[in-house]
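Analysis of the macromolecular model
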Amino acid sequence: MAKTNDKAILVDISLCIGCKACQIACKEWHDLPATEFEKVSGTYQNPADRSENTPMLMRFLEKYDETTDTMDWLIWKDQCMHCTDAPCVEVCPSGALFTHEDGFVGLENDKCIGCTYCSKVCPFDSPRFETDALTGNKRMNKCDFCQDRVTNGELPACVQTCPTNALEFDTWDGAVEKAHERVEQIKDRYPEANVYGDKEMGGTHYIYVLTEKPETFGLPAQPETNDLVGFRQDVLKPATQLFMGATAVGLLTNFIISSSAFGNEETQEDQPKDGGEKDE
Amino acid sequence: MSKKRKSLVKRYNRVDMIMHWTVAVGFILAMLTGYAVFFEGTSSLLVNEVGFVIRLVHRIGGVIFVLAPILYFIFSKKRFGFLRAFKWDKSDFGWLKAAPKHYFVGGGDMPPQQKYNTGQKLFYLFAVVFGVLLVVSGFFLWFSWFSPTVGLIMLFIHDVSAVLLTLFFFVHVYLVAFHPDERTSFNAMTTGYMDRGFAKHHHELWYNEVKDEEEKKKQENKEVI
C-alpha cells in the first residue's frame, strides 16, 4: 500500500472544463515537440492517442442522453497512473523506472534501454515508444510526475496550471480522504460517482473522482497484470545463475576427474600400438 | 600424407561444416549480446551508440542463425538429416544410463552408436526445437505488431529457450574442445575427417557401415581392374 508520506495528484472529473491547459503545460515543461494535428471526429480530443511526445492527454467522451435530449461531456486526464505495486518497476532491467521516495513511478530516461518490457506489463497501457525501424531501438516516455519539480518543492506542471482546481497536489492520504468527501458531495448530480485509484494496483498516485463507472472511461475496473511479470526477475535470473554455476562446476569437475582417468588409458593404449600395427 | 589419410574416415561434407560454423557464429553473437540485456550490470551498456551496436549485432546474429539452416535445407541433399535426431531406440537409453560414468572415468557399458551418439542427438534435438522457439519468439519481439500479453509470453519463451540452449551450448563446446577423451572429435567438424580409431570406438554402427562401403568400393575397383 501507499506510504503515508507519499504524494498524490487528485483529479476531480466533475470540476474539469476540458481546457487542455494541463496537456500543454506538460509538453511545455518537458520540452516536447508538437505533434501533427489529428482529427478525432465528434470530439474535441487531439491528438487521437498518447505518444512519446504526448505523455498526457485529455480524453473527451461525448455522451448523448436521448431521454432528456441532453449532451454530457466526460473529460478525463489520461497518463501514467503511478501505481504503488508498479509492475513496470518490477520488470525494468536497467533501473530506468523506479519508485521515487515520494511514492510515484519515476523515470530516468538516460538509463532506458528500450526493451519495452514495461509496456508489456502495464495494465493502463501507459509507456509509449519512439522506435527505430532498423534496430528496433526504442526510447520510452511516460508521465514522470514532474519529478524534477516535485523534488524541488514545486507543484507538477499540470496542477500548477489547472484553472478550476480540478487537479490538486496533496499527500496520498489527504487526496484519498478529499476524494471520498467530493464523491459524497456530488452524489446527487452523479449517482455513479466513485473514487478510482485508492485501491487499484496497491493504490495509484493519481486519485480520481469519477462521475461514471471506470469502464465508461475505458479504465480497467480491476487493473491487473500478467502472472508472468515477475518470472524473469524472480525465477529465471536466479535459476540461470544457478544453472550456469552448476554447469561450470560440473564441467570443471569432469575435466579434472576425466583428465586423470583418460590420461592413464591413453598410455595403456599406446603401448600395443608401438609394438606394431597388426590390428589395422 | 597418404599414411595419415589411411587412418581417417570422412565424416562431414564442406556444406555441413559451413552450415555448422555459420549457425555457431550467429548463435554466439546473439548469445553474447542477448545476455547484455539479461543481467543488470551489463544492461547499462545498451544506451547510446554502444547499445545501438549491441542491438544491431543481436539482430544480425539472429538472422545468421536463421538463414544458415534455411539455405542448407534448400541447397543441401541431406536436408532431412536433422530428422535422425528424433529417432530414438533402446541403445539411446542404454547410453544415457552409462554416460555419466563414461564421461567421468571412462569405460561403462556404452551401447554401440550410430553416426550421432545419443548426446549429439540430444543436442541436435535441443538445437532444432529450442532454436525454432527462439527464432519465432524473437520475431514476435522484434516487430511489435502483437498485443502486450503475446509479447510477454514470447519473452518468456525467448528467455527459457535461450537459457536452455546456452547451457547445452556450454556442454557441447566443453565436450568437443576440452574433454580429454572427446576432444579429438573437434577435428571432424573442422577438417571433415575423423580419426579411425575414435570412429570405431564411439560410433561403431556408423563405422561398420562406412567400412562395408569402403570394402564394396575396393571390390568394385578390383573387378574393374
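Scroll up for the structure.
The structure contained in this document is the topic of the report that follows. The structure presented is a predicted model; accordingly, all values stated were derived computationally and were not measured.

With that settled, the discussion passes to the overall build of chain B. Scanning chain B from terminus to terminus reveals 10 helices and 2 strands. For chain B, the α and β elements follow one another from N to C terminus as α-β-α-α-α-α-α-α-α-β-α-α. The principal-axis extent of the C-alpha atoms belonging to chain B is close to 70 × 40 × 30 Å. A buried classification covers 37% of the 225 residues belonging to chain B. Long-range contacts, defined as pairs at least 24 residues apart, comprise 67% of the intrachain contacts of chain B with a sequence gap of at least 6. As displayed, chain B offers around 13,300 Å² of accessible surface, 68% of which is attributable to carbon and sulfur atoms. Across chain B, 27 positive and 18 negative side-chain charges occur, with their mean positions spaced 5 Å apart.

Residues and elements named next belong to chain B. Overall, the coordinates contain 20 aromatic pairs over all chains when judged by the stated rule. Ring centres 5.9 Å apart and planes at 45° place the aromatic pair phenylalanine 27 and phenylalanine 65 in the tilted group. Here phenylalanine 27, found in helix H2 (residues 14-38), pairs with phenylalanine 65, found in helix H4 (residues 48-75); they are 38 residues apart in sequence, far enough to count as distant. According to the relative accessible area criterion, phenylalanine 65 is buried, its value standing at 15%.

All right, on to the sheet that holds strand E8 (residues 167-171) of chain A then. Residues and elements named next belong to chain A. Taking strand neighbours across the sheet as the criterion, the 4 strands line up as E8-E1-E10-E9 in an open arrangement whose pairing is mixed. With one partner strand each, in any of the chains shown, E8 and strand E9 (194-196) form the two edges of the open sheet. Sheet twist, expressed as the mean angle between neighbouring strand axes with direction ignored, is 25°. In the packing of helix H6 (residues 172-186) onto the sheet, contacts are made with strand E1 (7-12), E8, E9 and strand E10 (206-210), and the angle to E8 comes to roughly 135°.

This part takes up the interface of chain A and chain B. Counting from both sides, the interface comprises 44 residues of chain A and, opposite them, 42 residues of chain B. Both sides together, the interface formed by chain A and chain B hides about 3,700 Å², and carbon and sulfur atoms give 68% of it. Counting across the interface, chain A meets chain B through 0 salt bridges. Elements that contribute at least two residues to the side of chain A that touches chain B include exactly helix H3 (117-121), strand E7 (138-141) and helix H7 (231-275) of chain A. The dominant element in the side of chain A that touches chain B, judged by the number of residues it contributes, is H7 of chain A, at 22 residues. Here the side of chain A that touches chain B is built from residues that sort into 18 nonpolar, 16 polar and 10 charged.

A separate point is the pattern of salt bridges. Residues and elements named next belong to chain A. For the coordinates displayed, the defined rule picks out 12 salt bridges over all chains. Arginine 149 is paired through a salt bridge with glutamate 154; the nearest N and O atoms lie 3.9 Å apart. Taking relative accessible area as the criterion, arginine 149 reaches 10% and is therefore assigned buried. Lysine 178 is paired through a salt bridge with aspartate 170; the nearest N and O atoms lie 2.9 Å apart. Each of the salt bridges in this network shares a partner with another, and the network as a whole consists of Asp49, Arg50, Arg59, Asp78, Asp125 and Arg128.

Attention now moves to the packing of helix H6 (residues 118-142) of chain B against helix H7 (residues 148-177) of chain B. A pair of packed helices is captured by two measures, namely the crossing angle of their axes and the spacing between those axes. All names here are of chain B. Relative to each other, H6 and H7 sit at 150°, their axes nearing to 8 Å. When the axis of H6 is compared with that of H7, the two are roughly antiparallel. As for how H6 packs across H7, the hand of that crossing is left-handed. Split by residue class, the contact of H6 with H7 holds 18 nonpolar, 7 polar and no charged.

On to helix H5 (residues 90-105) of chain B, then. Residues and elements named next belong to chain B. Between its terminal C-alpha atoms H5 stretches 23 Å, which fits the 22 Å expected from 16 residues at 1.5 Å a residue. Alanine 98 marks where H5 bends most, by close to 50°; the proline proline 100 follows one to four residues later. Every buried residue of H5 is accounted for by Asp92, Trp95, Ala98, Ala99, His102 and Tyr103.

A word on the packing of H5 of chain B against H6 of chain B. Residue and element names in this part refer to chain B. Direction vectors running N to C along H5 and H6 enclose 100°, while the axes themselves pass 9 Å from each other. Put simply, H5 runs roughly perpendicular to H6. Where H5 approaches H6, its residues Ser91, Asp92, Trp95 and Leu96 are matched on the opposing element by Thr118, Gly119 and Lys121. For the contact of H5 with H6, the class distribution of residues is 2 nonpolar, 3 polar and 2 charged.

Another aspect to go through is the nonpolar core. Ile9, Leu97, Phe124, Leu167, Tyr206 and Tyr208 of chain A are the most contacted members of the largest nonpolar core, which has 43 residues in total. Where this core is concerned, the elements lending two or more residues are E1, helix H1 (21-30), strand E2 (57-65), strand E3 (70-78), strand E5 (105-107), helix H5 (157-161) and E10 of chain A. With sequence-adjacent residues up to four places away left out, leucine 97 of chain A is seen in contact with Cys88, Val89, Cys92, Val105, Gly106, Leu107, Cys118, Met140 and Lys142 of chain A. Membership of the second largest hydrophobic core comes to 17 residues, among which are Tyr35, Phe65, Ala68 and Leu165 of chain B.

All right, on to the environment of tryptophan 142 of chain B then. Residue and element names in this part refer to chain B. Within the secondary structure, tryptophan 142 sits in helix H6. Classification of tryptophan 142 as partly exposed rests on a relative accessible area of 25%. With 53 residues separating them along the chain, tryptophan 142 and aspartate 195 place their C-alpha atoms 44 Å apart.

Parameters at a glance
Residues numbered from 1 in each chain as written. Chains lettered and ligands numbered in written order. Predicted model: local features only at pLDDT ≥ 70, side-chain atom pairs only at ≥ 80, totals over all residues. Heavy atoms only, no water. Helix = DSSP H or I, 4+ residues; strand = E, 2+ residues; numbered from the N terminus. Buried < 20%, exposed > 50% of the residue type's maximum accessible area, 1.4 Å probe, protein only. Contact = heavy atoms within 4.5 Å. Areas by Shrake-Rupley, 256 points an atom, 1.4 Å probe, with all protein chains shown as cover. Lys, Arg positive; Asp, Glu negative; His and termini not counted. Charge placed at Lys NZ, Arg CZ, Asp CG, Glu CD. Phe/Tyr/Trp six-rings, centres within 6.5 Å; stacked < 30°, edge-to-face > 60°. Pairing = 2+ DSSP bridges. Axes fitted to C-alpha atoms, helices over the stretch in contact; angles between N-to-C directions. Buried area = accessible area lost by both parts, 1.4 Å probe. Salt bridge = Lys/Arg side-chain N within 4 Å of Asp/Glu carboxyl O. Nonpolar A, V, L, I, M, F, W, Y, C, P; charged D, E, K, R; others polar. Parallel < 35°, antiparallel > 145°, perpendicular 65-115°, else oblique. Left-handed = near helix turned anticlockwise from the far one by under 90°. Expected span 1.5 Å × (residues − 1). Bend = angle between axes of the 7 residues up to and from the residue. Core = buried A, V, L, I, M, F, W, Y, C linked by side-chain atoms within 4.5 Å.

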